[in-house]
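Next come the chains, spelled out residue by residue.
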Amino acid sequence: MHGVVDPSIFATERGIWAVKWSFVGLFITAILQIVVVYYSGSIALLADTIHNFGDALTAIPLLFAFLLSSRKPTYRFTYGYGRVEDLAGVAVVLMILISAIVAGYESINRLIHPQTVTFLWAVAMAAVIGFIGNEAVAQLRLRVGKEIGSAALVADGYHALTDGWTSLAVLFGAIGVYLGFPLADPIIGLAITIAIFWIVWDSAKTIFTRLLDGVDPEIPKEIFHVAHHVSGLRKVTGVKVRWLGHRLHAEVSITVDSSLSVEQGHTIAKEVQHELLHHLKYLSDATVHVDPITESGPAYHHIEEHSHDGLPAHSH
């Protein structure tokens, strides 16, 4: 497909496809569970169902993000609309948080006001359905997320794996009620609520790290390593990496011999860019700045500030 299909378009289409079928899978799972909740009165299953509905609805901001991020850059948004994926991530975290609060309220209320849970066989079946549904969605998100390089989709996949085990916890609650311990149901509901809050905390750390341009510390090291393989390059003096949606953009400063012509220095910069984009598939682009060895490093790019009286102020 090289030279025929824009990789960003491919990534967007695959992302939309994964989000769409994740929504269908979780929505069907939640519908089946809510029917059992209505007849059984299981608060543990209600907590899991609320969470699955919340997860299904997270497809809406993610779908919006994938559609908007495919638009071309403009004079106002010169880097494009990739950041909207991070905003969608914030919306997802808030929706999961709301589901945790609702599930927690219902669980505590049922502990204070116990009720009989009926149709335990149906509750057990709904728990297994919840596990299978989340497992299927998790594998879909993980496969497509890794394929297109979407950290948000991969994180959502691991989230769904955790959700599968919380669904299975409902089965243990049903077994506890069957063995004569009726409070097992709301206690399991409360345990699921705690698990959901943990997911909120973990997801929020990931999303806000992305919003603040935080990256894996190994990534700049990999860029240094790959760039140094280019012949004619004396040293790499700086690497900056930032997120733009589900792709990374790098800014690299390199040093070459002062005797080289502008054209020769530009050729080395192009080779550095080529090596980075070829070996590091998670990079969407790399901007390479060239310095002569006589004026190499950040110190030569700082501008001296002047005070209002015209006298030089201290430089940074």
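Going by the structure above, here's the rest.
Remember, predicted model here, so these are calculated numbers, not experimental data. (Residues numbered from 1 in each chain as written. Predicted model: local features only at pLDDT ≥ 70, side-chain atom pairs only at ≥ 80, totals over all residues. Heavy atoms only, no water.)

Novice: Go over the packing of aromatic side chains with me, naming the residues and quoting the values.
Specialist: One pass over the full model with this rule turns up five aromatic pairs. Between the aromatic rings of F27 and F53, the centroid separation amounts to 5.8 Å while the plane-to-plane angle is 80 degrees, which identifies the pairing as edge-to-face. Of this pair, F27 sits in helix 1 (residues 7-40) while F53 sits in helix 2 (residues 43-57), placing them 26 residues apart in sequence. With a relative accessible area of 23%, F53 lands in the partly exposed category. An aromatic cluster is built from F23, F27 and F53, whose rings are joined through pairwise contacts. The positively charged end of R14 is found above the aromatic ring belonging to W17, 4.9 Å away from the centroid. Note that R210 overlies the ring of W243, its terminal NZ or CZ placed 3.7 Å from the centroid. (Phe/Tyr/Trp six-rings, centres within 6.5 Å; stacked < 30°, edge-to-face > 60°. Helix = DSSP H or I, 4+ residues; strand = E, 2+ residues; numbered from the N terminus. Buried < 20%, exposed > 50% of the residue type's maximum accessible area, 1.4 Å probe, protein only. Lys NZ or Arg CZ within 6 Å of the ring centre and 35° of its normal.)

Novice: Give me the lowdown on the environment of S284, citing residues and values where you can.
Specialist: Inspection of the secondary structure puts S284 in strand 3 (residues 283-292). A sequence separation of 37 residues divides S284 from R247, and the C-alpha atoms of the two residues are 5.5 Å apart. Leave out the neighbours within four places in its chain, and S284 touches R247, L248, H249 and L277. (Contact = heavy atoms within 4.5 Å.)

Novice: Account for the pairing of strand 2 (residues 247-256), with residues named and values stated.
Specialist: In terms of burial, strand 2 is largely enclosed, as seven of its 10 residues are buried. For strand 1 (residues 235-244) and strand 2, the ladder comprises nine bridges, and the chain directions are antiparallel. Residue pairing in the sheet places K235 in a bridge with T255 of strand 2. Two elements, strand 2 and strand 3, share nine bridges in a ladder whose sense is parallel. Pairing of E251 across the sheet is with T287, part of strand 3. Running through helix 9 (residues 262-279), the crossover from strand 2 to the neighbouring parallel element strand 3 is right-handed. (Pairing = 2+ DSSP bridges. Right-handed = clockwise from strand over helix to strand, strands pointing away.)

Novice: Mind laying out the nonpolar core, listing which residues take part and the relevant values?
Specialist: In this structure, V170 and I192 are the most contacted members of the largest nonpolar core, which totals 38 residues. Within the residue set of this core, elements represented by two or more residues are helix 1, helix 2, helix 3 (59-69), helix 4 (84-112), helix 5 (120-148), helix 6 (151-178) and helix 7 (184-211). Tallying contributions element by element places helix 5 first for this core, with eight residues. In this view, I192 contacts A44, A47, D48, T166, A169 and V170; residues no more than four positions away in its chain are not counted. (Core = buried A, V, L, I, M, F, W, Y, C linked by side-chain atoms within 4.5 Å.)

Novice: Which residues make up the packing of helix 2 against helix 4, and what values do they have?
Specialist: For the pair helix 2 and helix 4, the least separation of the axes is 9 Å and the interaxial angle reads 170 degrees. With respect to their mutual orientation, helix 2 and helix 4 come out roughly antiparallel. Across the interface between the two elements, I43, L46, A47, I50, H51, G54, D55 and L57 from helix 2 touch M95, I96, S99, V102, A103, E106, S107 and R110 from helix 4. Here the residues of the contact of helix 2 with helix 4 sort into nine nonpolar, four polar and three charged. (Axes fitted to C-alpha atoms, helices over the stretch in contact; angles between N-to-C directions. Parallel < 35°, antiparallel > 145°, perpendicular 65-115°, else oblique. Nonpolar A, V, L, I, M, F, W, Y, C, P; charged D, E, K, R; others polar.)

Novice: Just give me the short version of the side chain of S22, but keep the residues and values in it.
Specialist: Its location among the elements puts S22 in helix 1. Its relative accessible area of 1% is what places S22 among the buried residues.

Novice: Can you tell me about the pattern of salt bridges, naming the residues and giving the values?
Specialist: On inspection of all chains with the given rule, the structure shows five salt bridges. In this structure, R242 engages D213 in a salt bridge whose closest nitrogen and oxygen atoms are separated by 3.6 Å. Taken together, the residues R242 in strand 1 and D213 in the loop between helix 7 and helix 8 (218-227) connect sequence positions 29 residues apart. Taking the shortest distance from any N to any O, the salt bridge between E218 and K221 comes out at 3.4 Å. Separated by three residues within a single helix, E218 and K221 lie in helix 8, roughly one turn from each other. (Salt bridge = Lys/Arg side-chain N within 4 Å of Asp/Glu carboxyl O.)

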